[in-house]
Amino acid sequence: VNGSEIELHVHLDGAIRVQTILDVAKRRGISLPATTAEELKEKIIIHEPATLTKFLEKFEEYMHVIAGDKDAIKRIAYEFVEDKAKEGVIYVEVRYSPHFLADCDVGKPIPWNQTEGDLSPDEVVRLVNEGLREGERAFNIKARSILCCMRHMPSWSIEVVELCKKYRNDGVVAIDLAGDESMNLEANPEHRTAYEEAVRCGIHRTVHAGEVGPASVVKEAVEVLKAERVGHGYNTLQDPALYRKLLEQNMHFEMCPVSSKLTGACDSDFTQHPIITFRKDKANYSLNTDDPLIFNSNLLLDYSVVHQHMGFTEEEFKRLVRSNAKKHAEYEPLRLHHVWKARSATVF
Ligand SMILES: O=c1[nH]cnc2c1ncn2[C@@H]1O[C@H](CO)[C@@H](O)[C@H]1O
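Residues numbered from 1 in each chain as written. Predicted model: local features only at pLDDT ≥ 70, side-chain atom pairs only at ≥ 80, totals over all residues. Heavy atoms only, no water.

Under an unreviewed UniProt entry, the protein chain has the name Adenosine deaminase and belongs to Xiphophorus couchianus. Under the Cofactor (unreviewed entry) heading, UniProt states for the protein chain: "Zn(2+)". Here the protein chain is described in UniProt, under the heading Sequence similarities (unreviewed entry), as follows: "Belongs to the metallo-dependent hydrolases superfamily. Adenosine and AMP deaminases family." (UniProt positions renumbered as here; feature names shortened; annotations may be inferred.)

J.: What's the story with the overall build of the protein chain in this structure? I'm lost.
T.: When helices and strands are tallied, the protein chain shows 17 helices and eight strands. In terms of C-alpha radius of gyration, the protein chain reaches 19 Å, essentially the compact-globule figure of 20 Å for 348 residues. Within the protein chain, contacts between residues at least 6 apart in sequence are counted, and of these 72% link residues at least 24 apart. For the protein chain, the exposed area adds up to about 14200 Å²; of that, 49% sits on carbon and sulfur atoms. (Helix = DSSP H or I, 4+ residues; strand = E, 2+ residues; numbered from the N terminus. Rg over C-alpha atoms; globule rule 2.2 N^0.38 Å. Contact = heavy atoms within 4.5 Å. Areas by Shrake-Rupley, 256 points an atom, 1.4 Å probe, with all protein chains shown as cover.)

J.: How should I be thinking about the side chain of Asp-69 in this particular structure?
T.: Relative to the helices and strands, Asp-69 resides in the loop between helix H4 (63-66) and helix H5 (70-86). Under the relative-accessibility criterion, Asp-69 is labelled buried at 10%. Excluding residues within four positions of it along the chain, Asp-69 makes contact with Arg-27, Arg-28 and Leu-119. (Buried < 20%, exposed > 50% of the residue type's maximum accessible area, 1.4 Å probe, protein only.)

J.: Can you walk me through the pairing of strand E6 (residues 229-232) in this structure?
T.: Side chains on a regular strand alternate between the two faces of the sheet. Here strand E5 (residues 204-209) pairs with E6 via four bridges, running parallel. Across the sheet, the residue bridging to Thr-206 is Arg-229, located in E6. Each parallel crossover has a hand, and for E5 linked through helix H9 (residues 215-223) to E6 it is right-handed. Sheet analysis places E6 next to strand E7 (residues 252-255), joined by three bridges and oriented parallel. Residue Gly-231 lies in a different strand from E7, and its bridge partner there is Glu-254. For the segment spanning E6, helix H10 (residues 240-248) and E7, crossover handedness is right-handed. (Pairing = 2+ DSSP bridges. Right-handed = clockwise from strand over helix to strand, strands pointing away.)

J.: Would you mind going over the packing of helix H1 (residues 18-28) against H5 with me for this structure?
T.: The description of two helices packed together rests on the angle between their axes and the distance between the axes. Two elements in contact, H1 and H5, have axes separated by 11 Å at closest approach and are oriented at 165°. As far as their axial angle goes, H5 and H1 are roughly antiparallel. Handedness of the H1/H5 crossing: right-handed. Across the interface between the two elements, Thr-20, Asp-23, Val-24 and Arg-27 of H1 pack against Asp-71, Ala-72, Arg-75, Ile-76 and Glu-79 of H5. In terms of residue class, the contact of H1 with H5 is built from three nonpolar, one polar and five charged. (Axes fitted to C-alpha atoms, helices over the stretch in contact; angles between N-to-C directions. Parallel < 35°, antiparallel > 145°, perpendicular 65-115°, else oblique. Left-handed = near helix turned anticlockwise from the far one by under 90°. Nonpolar A, V, L, I, M, F, W, Y, C, P; charged D, E, K, R; others polar.)

J.: What exactly am I supposed to notice about the sheet that holds E5 here?
T.: Strand pairing in a sheet relies on backbone hydrogen bonds. The paired strands run either parallel or antiparallel. Taking strand neighbours across the sheet as the criterion, the eight strands line up as E1-E2-E3-E4-E5-E6-E7-E8 in an open arrangement whose pairing is parallel. Edge positions in the open sheet fall to strand E1 (5-11) and strand E8 (284-287), since each of these has one partner strand only. In this sheet, neighbouring strand axes are inclined to one another by 25° on average, regardless of whether the strands run parallel or antiparallel. Contacting E5 and E6, H9 crosses the sheet at an angle of about 170° to E5.

Now the structure itself:
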């Protein structure tokens, strides 16, 4: 870690401080199955490789505490920037589902068993933006955001792209599609419609694909949803023709080493990890934490894993999307699109 890192794939709702969850629960009178930060942490974190489904269930331990609460939402955004600044990050794109943090205008059932309130997805985005802006000023780094559609909630997707359009001048830089990859696009055409609107309006696009799903999901993400970056993408390697094509296109892959082990996406033996192949082939990729709360991790841990177990050298770290970030992060907002495309340092 050289103090000018960039991070492109991290979920805001997977990067909350345990203490904040406790504080907010206490203030709101919400009971939790733990009274100390240590106890709560034990409930939330994953120690051993699990499955993506098991991992996604972890959000149920605490999302009901934060969702629907204006102060909490602004606070997690602000604290997120502080935590990233402490990790030496100077440019971060943080993603979340506005609907998952709202308690009205989300249809039924309201997420996390909440009773209906007055916090809409639109208001959530405004609050996160406020928290991020205040964090940027306080900690002197740049924090942008990506709004997530959820695979299992196609009815939200059109609203997500509309929010991306509405807040594009307030630090919202792209749209994402997260959640369980086994839900296909044919059955959920709304995601496709939302991404078409994103293309039409010049909203940048990334998609979770090939994390636990097969290479065909990556292909669909790139060819149908016109993704400009792929979230994870490990299983791209199962389709050599697709892999070659994406290498030629200089497609950016947002890789998350620690996450890939604990979600069971990749073999737990890091020495067999797909990232080794991407590195060998000089692919365009970044290293990211994904959900540091649940993985009990930080960016340094992801960097040290690839250093210790995948033979990463200082040379490779220099080639990664990091070294030139400082120069680029200082560009005016328009030029930040160059960062968004995340070309590696040698390509900048
Ligand atoms: O690694 C992942 N793969 C797929 N979906 C994820 C991952 N991490 C988090 N989320 C999902 O994205 C939502 C918005 O931030 C989270 O609430 C979680 O459901």
